Amino acid sequence: MRKRGYRSRAVAATAAAALLGIVGTAGCDAVGGNEAPPGSTSRSKPSPEPPTWDRTPKSIAAVGDSITRAFDACEVLTDCPAVSWATGTDAKVNSLALRLLGKTGAAERSWNYAKTGAQMADVDDQLAQAATKKPDLVTVLAGANDACQPTVDAMTSVKDFRAQFVDAMTTLREASPKTQVFVGSVPDLKRLWSIGRTSELSKRMWKLGICPSMLADPDDLGTAGTSRRDKVQDRVKEYNAVLEDVCEKDERCRFDGGALYKYRFETPQLSTWDWFHPSTSGQKLLAEMAYRLVTAPKPDELKLPTGSG
């Protein structure tokens, strides 16, 4: 998948503007400076109305990481897409696809292209696959793995994260310009650490390499451990600011307003194996939040659950 940079676009735009300026000057000279041609009227065209958000999409594709694959929700170290919040078929979760499309519609017109371990750099290819289906709606939930690196220094930079998300959205727009996009925020990883560190089982699972930048040495409450976790937390906040900003620039994109980040997960909503990924109950919660946001006339006015923390 090719990568697109702002510099090449800026150069092309500047060249085009210069050419138009030359043509425009020649045209003005032909009719006498800035005077309008005889018989013409000077009326400014009204700005086009932004497209209305479709609250009842008829097809859904999902991209992202292990959360959308429902990793560790059913079995240890295993994906369980049947209980995915986005496209799952399990009635207990009642996924976004089931709520919007019904059982038959979800089976025929929903697709899950998410992959456990995926980072924002992988979303470009995932959206390219999703675009082949020309879905009415695509859900995007990615960014946790960009922060969940072996070290703080290895985390994806905010600059690269932005460029990767812009590239991914451009890929989608070129192939399926009318597809709506629902973007979920990156969860509060520090909150998950604070809950999971009370479980000896979860801490043994974390040693297998689950989000080491946040979860390594979970009982270290000293300056070094606290500073490391705070840096990861700050990076997640910066990622969410990028997701919101890029989404706002696309008239067919809707951000969750930080709803997922703000939710204070408790043990019933977390995997009984790693206390980090959503359990079946947690997947149901995500489906409910997403449904309310996708179908709301004005999502910024919704009062969404924030947990009991």
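Bear in mind that the values here come from a model prediction, so they are computed numbers and not experimental data.

Another aspect to go through is a nonpolar patch on the surface. Residues V76, L77 and L208 make up a contiguous nonpolar surface patch of about 280 Å² in total accessible area. Among the secondary structure elements, L208 is positioned in the loop between α7 (200-206) and α8 (212-215).

Confidence along the protein chain averages 87 in pLDDT terms, with 83% of residues attaining 70 or more. When the criterion is pLDDT under 50, residues 1-42 qualifies, and its contacts beyond four places in sequence or with other chains add up to 21 contacts.

Further remarks concern the environment of S66. Mapped onto the elements, S66 comes out in the loop between β1 (60-64) and α2 (96-109). Overall, the relative accessible area of 6% leaves S66 in the buried class. The sequence separation of S66 and H277 amounts to 211 residues, and the corresponding C-alpha distance is 7.9 Å. Excluding anything up to four places from it in sequence, S66 contacts F71, K115, T116, G117 and H277.

Take the sheet that holds strand β5 (residues 253-255) next. Strand order in the open sheet made by the five strands is β2-β1-β3-β4-β5, with parallel pairing throughout. The open sheet has two edge strands, β2 (110-112) and β5, and neither has a second partner. When the angles between neighbouring strand axes are averaged without regard to direction, this sheet yields 15°. Both β1 and β2 contribute to a ladder of three bridges, which runs parallel. Bridge assignment links A61 to a residue of β2, and that residue is W111. Each of β1, β2 and β3 (137-141) touches α2; the most contacted strand, β2, lies at about 90° to it. On top of the sheet, helix α5 (residues 158-175) reaches β3, β4 (180-183) and β5; it is set at about 155° to β4, its chief contact.

Burial along β4 is two-sided: the face carrying Q180 and F182 and the face carrying V181 and V183 are both buried. Of the strand pairs in this sheet, β3 and β4 are connected by four bridges, and their pairing is parallel. In the strand pairing of β4, L137 is matched with Q180. As paired elements, β4 and β5 share three bridges and run parallel to each other. Within the sheet, the bridge partner assigned to F182 lies in β5 and is R254.

Counting through the fold element by element, I60 comes out in strand β1. Taking the C-alpha atoms as reference points, I60 and T87, 27 residues apart in sequence, are found 7.7 Å from one another.

One way to put it is that helix α6 (residues 189-196) packs onto helix α9 (residues 223-248) with a least axis distance of 8 Å and a crossing angle of 140°. Comparing their axes, α9 and α6 come out oblique. Facing L189, K190 and W193 of α6, the residues of α9 in contact are R229, D230, V232, Q233 and V236. For the contact of α6 with α9, the class distribution of residues is four nonpolar, one polar and three charged.

Analysis parameters
- Residues numbered from 1 in each chain as written.
- Predicted model: local features only at pLDDT ≥ 70, side-chain atom pairs only at ≥ 80, totals over all residues.
- Heavy atoms only, no water.
- Patch = residues over 30% accessible without salt bridge, like charges linked within 9 Å, V, L, I, M, F, W, Y side chains within 5 Å.
- Areas by Shrake-Rupley, 256 points an atom, 1.4 Å probe, with all protein chains shown as cover.
- Salt bridge = Lys/Arg side-chain N within 4 Å of Asp/Glu carboxyl O.
- Helix = DSSP H or I, 4+ residues; strand = E, 2+ residues; numbered from the N terminus.
- pLDDT = per-residue confidence, 0-100.
- Contact = heavy atoms within 4.5 Å.
- Buried < 20%, exposed > 50% of the residue type's maximum accessible area, 1.4 Å probe, protein only.
- Pairing = 2+ DSSP bridges.
- Axes fitted to C-alpha atoms, helices over the stretch in contact; angles between N-to-C directions.
- Parallel < 35°, antiparallel > 145°, perpendicular 65-115°, else oblique.
- Nonpolar A, V, L, I, M, F, W, Y, C, P; charged D, E, K, R; others polar.

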